[in-house]
Amino acid sequence: LARQNIFIPATQQDKEIRLRVAAYCRVSTDSEDQINSVVAQQNHYSEYINNHAQWDMVGIYADEGITGTSAKKRDNFQRMLADCRRGRIDKIIVKSLSRFARNTTECLAVTRELKSMGISVFFEEHNIDTKMVTSEMLMAVIASCAQAESESISKNMRWSYQKRMQSGTYIPSSVAYGYRLQDKEVVVEPDEALVILQIFSMYLSGYSKLRIAESLNERNIATRKGNRWDYCAIRYILRNERYTGNSLWQKTYKTDSFPPQKLRNYGERDKYYVEKTHPAIIEETAFSDCSSLTTITI
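Residues numbered from 1 in each chain as written. Predicted model: local features only at pLDDT ≥ 70, side-chain atom pairs only at ≥ 80, totals over all residues. Heavy atoms only, no water.

## Describing the layout of surface pockets
Okay, so step 1: Size it by volume and the second largest pocket reaches roughly 180 Å³.
Okay, so step 2: Lining the second largest pocket are 16 residues; nearest its centre among them are Pro172, Val186, Ser247, Thr277 and His278.
Okay, so step 3: Contributions of two or more residues to the lining of the second largest pocket are made by strand S7 (185–188) and strand S8 (247–249).
Okay, so step 4: The residue makeup of the lining of the second largest pocket, split by class, is eight nonpolar, six polar and two charged. (1 Å grid on protein atoms, 1.4 Å probe; cavity = no way out; pocket = protein on both sides within 12 Å on 5 of 7 lines; lining within 4 Å. Points joined across faces, edges and corners; volume = space filled by probe spheres on them. Helix = DSSP H or I, 4+ residues; strand = E, 2+ residues; numbered from the N terminus. Nonpolar A, V, L, I, M, F, W, Y, C, P; charged D, E, K, R; others polar.)

## A word on the side chain of Thr111
Okay, so step 1: With respect to the secondary-structure elements, Thr111 resides in helix H4 (residues 104–116).
Okay, so step 2: A distance of 3.0 Å separates a polar side-chain atom of Thr111 from the backbone oxygen of Cys107.
Okay, so step 3: Reaching out from Thr111, the side chain makes a polar contact with the backbone oxygen of Leu108 at a distance of 3.1 Å. (Polar contact = N/O pair within 3.5 Å; in protein donor to acceptor, adjacent residues only side chain to side chain.)

## Structural notes on the packing of aromatic side chains
Okay, so step 1: For the structure on display, the rule yields ten aromatic pairs.
Okay, so step 2: Measuring from ring centre to ring centre gives 6.2 Å for Tyr45 and Tyr48, while their planes differ by 80°; the resulting arrangement is edge-to-face. One end of the pair is Tyr45 and the other is Tyr48, both in helix H1 (residues 32–50) and three residues apart, which spans about a single turn.
Okay, so step 3: Each member of the aromatic cluster is reached from another via a ring pair, and the members are Tyr24, Phe77, Phe100 and Phe123.
Okay, so step 4: Sitting over the ring of Phe77, Arg74 keeps its end group 4.4 Å from the ring centre. (Phe/Tyr/Trp six-rings, centres within 6.5 Å; stacked < 30°, edge-to-face > 60°. Lys NZ or Arg CZ within 6 Å of the ring centre and 35° of its normal.)

## Describing the sheet that holds strand S2 (residues 55–63)
Okay, so step 1: Read across the sheet, five strands follow the order S2-S1-S3-S4-S5 without closing on themselves; strand pairing throughout is mixed. Bordering the open sheet on either side are S2 and strand S5 (128–129), each of which pairs with just one other strand.
Okay, so step 2: Where strand S1 (residues 19–26) lies against S2, eight bridges are found, and the strand directions are parallel. Residue Arg20 lies in a different strand from S2, and its bridge partner there is Asp56. (Pairing = 2+ DSSP bridges.)

## Considerations on unusual backbone geometry
Okay, so step 1: A positive phi angle, near 55°, is found at Asp183, a position not held by glycine.
Okay, so step 2: Within the secondary structure, Asp183 sits in the loop between strand S6 (179–182) and S7.
Okay, so step 3: With relative accessibility at 71%, the residue Asp183 sits in the exposed group.
Okay, so step 4: Phi is positive for Lys276, close to 55°, though the residue is something other than glycine.
Okay, so step 5: On the basis of relative accessible area, Lys276 is assigned to the exposed category, the value being 76%. (Buried < 20%, exposed > 50% of the residue type's maximum accessible area, 1.4 Å probe, protein only.)

## Observations regarding the pattern of salt bridges
Okay, so step 1: One pass over the full model with this rule turns up twelve salt bridges.
Okay, so step 2: Put simply, Arg224 and Glu192 hold a salt bridge, and the shortest N to O gap is 2.7 Å. Here the residue Arg224 occupies a position in the loop between helix H7 (209–218) and helix H8 (231–238), and Glu192 occupies one in helix H6 (residues 190–204), the gap between them amounting to 32 residues.
Okay, so step 3: On the basis of relative accessible area, Glu192 is assigned to the buried category, the value being 15%. (Salt bridge = Lys/Arg side-chain N within 4 Å of Asp/Glu carboxyl O.)

## So, a positive patch on the surface
Okay, so step 1: The grouping of Lys73, Lys254, Lys262, Arg264 and Lys271 at the surface amounts to a positive patch.
Okay, so step 2: For Lys73, the position within the fold is in the loop between S2 and helix H2 (75–85).
Okay, so step 3: The class for Lys73 is exposed, based on a relative accessible area of 51%. (Patch = residues over 30% accessible without salt bridge, like charges linked within 9 Å, V, L, I, M, F, W, Y side chains within 5 Å. Areas by Shrake-Rupley, 256 points an atom, 1.4 Å probe, with all protein chains shown as cover. Lys, Arg positive; Asp, Glu negative; His and termini not counted. Charge placed at Lys NZ, Arg CZ, Asp CG, Glu CD.)

## Topic: the packing of H6 against helix H9 (residues 284–292)
Okay, so step 1: At a minimum axis distance of 10 Å, the contact between H6 and H9 shows a crossing angle of 50°. In terms of their interaxial angle, H6 and H9 are classed as oblique. The two elements H6 and H9 cross, and the hand of that crossing is left-handed. Here Phe200, Tyr203 and Leu204 of H6 come into contact with H9, specifically with Ala286, Phe287, Asp289 and Cys290.
Okay, so step 2: Broken down by class, the residue content of the contact of H6 with H9 amounts to six nonpolar, no polar and one charged. (Axes fitted to C-alpha atoms, helices over the stretch in contact; angles between N-to-C directions. Parallel < 35°, antiparallel > 145°, perpendicular 65-115°, else oblique. Left-handed = near helix turned anticlockwise from the far one by under 90°. Contact = heavy atoms within 4.5 Å.)

## Quick word on the nonpolar core
Okay, so step 1: Counting residues in hydrophobic clusters, the biggest one holds 25 residues, and the most contacted among them are Ile196, Ile199, Phe200, Trp229, Ile234, Tyr243 and Ile282.
Okay, so step 2: Ignoring anything within four residues of it in the chain, the contact list for Ile196 reads Tyr177, Gly178, Ile237, Tyr243, Ile281 and Ile282.
Okay, so step 3: Judged by nonpolar contacts, the second largest core, of 20 residues, contains Leu97, Cys107, Val110 and Ile119. (Core = buried A, V, L, I, M, F, W, Y, C linked by side-chain atoms within 4.5 Å.)

## So, the packing of H2 against H4
Okay, so step 1: Relative to each other, H2 and H4 sit at 25°, their axes nearing to 10 Å. When the interaxial angle is binned, H2 and H4 end up roughly parallel. H2 and H4 meet at a crossing whose hand is left-handed. Contact with H2, carried on its side by Phe77, Leu81, Cys84 and Arg85, involves Val110, Glu113 and Leu114 of H4 and no other residues of that element.
Okay, so step 2: Among the residues forming the contact of H2 with H4, the class breakdown is five nonpolar, no polar and two charged.

Here is the structure:
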């Protein structure tokens, strides 16, 4: 018998699909201008999403002053991914691939994971939507360019840091407890400096590092970040030559890999010891006595 094909036309109209949309924005430095840029991006995407009748805004996830080389360091990026895995987001809007990630492998891995959950990412600047079949090839090319740019910037920054270390004009981006940065100068923080003096004095008097930490905690003296003191924090202070007013630079270094890793410098890179780079809190003789002290009595 001949097979009979029967055509059945569609009768049901497609239902209007509403999408839960989020936006992600990031700036790579914590300068005031860049933070203002985050606010501008937030305002832009609030208006952008609200102008689409079929979109419901989930929220705007923003990271300020965070590098784009690794997504693991971006708290709000990770929070956005967690919300995606919980089924709270259908679409993500981002300005560009470089704002999303400068690590090509990581960028593709994240977008593939999102796509497997039915979540698309739209990169506004490049007009790329990951729901399209050809998006991955375009993303790979653009992400590779963004990664190369990031590698070049990192290399130039490391070169600049090294030249300033060699000339003795290097100013660190952060300073040890007891100091603060003021007008690009390292100055003493009086209240913290008193704590540093107590730590060295107690250690020279025979107190153990653990007992010193316990004493500070008992007196409700917190670290700069508001944490409790411990053995490692006291040991770090007692070994830090910065309190003598001198600086040993490049104790750690970043690898040439991407993303770079921060490692302790055991001789793999040059070190630079510069005297009198900032005011001293501890005399060099007291620092040397602490370094040579091995017997603890209390």
